[in-house]
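The primary structure of each chain is shown beneath.
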Amino acid sequence: MSLLGLGLWWASDLSASGPGRALAESRPVVPMPPTIMLHSRHARLLPRLIDALAAEGYEGVTFRDLEYTLCQDASLPPKAVMLTIDDLSMVRGNPSFETFRGMKDALVERGWRGVFGVITGPHLPQNEVWWDEVAVWGEQGIELATHTAYHSNLNDPALTAEDFEAEIVGSAQTICQRTGQPVHALVTPFGSGYNRTTGALHPLICAMCQQARIRFVSGIVEGHGPLPASVGDSDVIYTGRVPPGIDGTLESTLFEVHHW
Ligand SMILES: [Zn+2]
């Protein structure tokens, strides 16, 4: 986020009149932490990335932390970063589960919090032992976001309202029922569902997130600016992410964090 962006945010806030003004003036801007999109192929990068970020004073946060910050008037660590890892699934026979478990261990062993995007795959048999295992991850500072039920491209015009409900509400309910963890974020497959031209989320994504009480929708483009100064109960907030640089190396990933 640029300093210019910060200035404009404050300028527009302070020009407002009415009862919201006092709160806006007293509340510090909450910058959106740099958010990195990782997959299982980045398992070897992750421990080196955490160590390098920690050496620079960064701390890992989650969407739950953002929600708490916005709704409880709390603050984030001064150098916060969010590491999100996509495509975790407890579908039986998932060849990548052990890799994800290793990535979870890399976070927890370093006292870092992080987010896994879960594809629930309700049409496939589930590994109950893995679900029981990830239920415990929540106590270790790991948040489970929904990455939908079927990993559909949410820009697909053929999708019906029922499809959106299954993808978003259904998957969030599954995660909550199986782990006891409420779901705070939808990580959209392929960064879909966000109109870059208008800056608007697909209305059905908004509606389904409100139904599932999901606060954040995490895409890929944009969404780097500060979080809203005040939020209503049913507000859904779009946030962006960046891949780990142009080549997935430690250096290019750190570059993305520094130039968020
Ligand atoms: Zn994915």
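The shown structure was predicted, so the numbers you read here are calculated from the model rather than taken from an experiment.

1. Describing the layout of surface pockets
By volume, the largest pocket amounts to about 420 Å³. In terms of lining residues, the largest pocket is bounded by 23 residues, among which Pro 31, Met 32, Pro 33, Pro 77 and Pro 78 are the most central. Each of two domains, domain 1 (1-30) and domain 2 (31-258), supplies a minimum of three residues to the lining of the largest pocket. Considered as a void within the structure, the second largest pocket measures approximately 220 Å³ in volume. Glu 67, Arg 213, Ile 214, Arg 215 and Asp 233 are the residues nearest the centre of the second largest pocket, which is lined by 14 residues in total.

2. Describing the coordination of the zinc ion
At this site the zinc ion is bound by Asp 87 (OD), His 147 (NE2) and His 151 (NE2), with donor distances of 2.1 Å. If you list the donors of the zinc ion from N- to C-terminus, the spacing comes out as D-x59-H-x3-H. In this pair, Asp 87 is assigned in strand β3 (residues 80-88) and His 151 in the loop between β5 (142-146) and α7 (161-179), connecting sequence segments 64 residues apart. Overall, Asp 87 belongs to the partly exposed group, its relative accessible area being 25%.

3. A few points about the nonpolar core
Grouped together as the largest cluster of nonpolar side chains are 67 residues, with contacts concentrated most on Leu 46, Leu 53, Leu 83, Leu 88, Leu 107, Phe 116 and Ile 205. Other than its neighbours up to four places away in sequence, Leu 53 contacts Tyr 58, Val 81, Leu 83, Trp 112, Leu 254 and Val 257.

4. Details of helix α9 (residues 250-258)
For α9, the set of buried residues is Leu 250, Ser 252, Thr 253, Leu 254, Glu 256 and Val 257. If you follow the buried residues of α9, they end up packed against β1 (35-38), α3 (45-55) and β3.

5. Description of helix α6 (residues 128-137)
All buried positions along α6 are accounted for by Trp 130, Trp 131, Val 134, Ala 135 and Trp 137. Each buried residue of α6 lies within a common arc of 145° when the element is viewed along its axis, so the set occupies one face. Facing away from the buried side of α6 by more than 90 degrees, the exposed set consists of Val 129 and Asp 132. The N-capping residue of α6, defined by a side-chain oxygen 3.0 Å from the backbone nitrogen of Val 129, is Asn 127.

6. So, the packing of aromatic side chains
Summed over the entire model, instances satisfying the criterion amount to six aromatic pairs. Residues Phe 63 and Phe 216 carry aromatic rings whose centres are separated by 5.5 Å and whose planes lie at 35° to one another, so their mutual orientation is tilted. Of this pair, Phe 63 sits in helix α4 (residues 63-72) while Phe 216 sits in strand β9 (residues 216-218); the two residues are 153 residues apart in sequence, bridging distant segments of the chain. By relative accessible area, which is 0% here, Phe 63 ends up buried. With relative accessibility at 0%, the residue Phe 216 sits in the buried group. Ring geometry for Phe 97 against Trp 130: centres 4.2 Å apart, planes inclined by 5°, an arrangement best described as stacked. Linking Phe 97 in helix α5 (residues 97-109) with Trp 130 in helix α6, this pair joins segments that are 33 residues apart in sequence. Each member of the pair, Phe 97 as well as Trp 130, is classed as buried. Aromatic rings pair up to connect Phe 97, Phe 100, Phe 116, Trp 130 and Trp 137 into one cluster.

Criteria and thresholds
- Residues numbered from 1 in each chain as written.
- Predicted model: local features only at pLDDT ≥ 70, side-chain atom pairs only at ≥ 80, totals over all residues.
- Heavy atoms only, no water.
- 1 Å grid on protein atoms, 1.4 Å probe; cavity = no way out; pocket = protein on both sides within 12 Å on 5 of 7 lines; lining within 4 Å.
- Points joined across faces, edges and corners; volume = space filled by probe spheres on them.
- Domains from an automatic or database assignment.
- Donors = N, O, S within 2.8 Å, 3.2 Å for Na, K, Ca; no water.
- Helix = DSSP H or I, 4+ residues; strand = E, 2+ residues; numbered from the N terminus.
- Buried < 20%, exposed > 50% of the residue type's maximum accessible area, 1.4 Å probe, protein only.
- Core = buried A, V, L, I, M, F, W, Y, C linked by side-chain atoms within 4.5 Å.
- Contact = heavy atoms within 4.5 Å.
- Arc of directions from axis to C-beta.
- Polar contact = N/O pair within 3.5 Å; in protein donor to acceptor, adjacent residues only side chain to side chain.
- Phe/Tyr/Trp six-rings, centres within 6.5 Å; stacked < 30°, edge-to-face > 60°.

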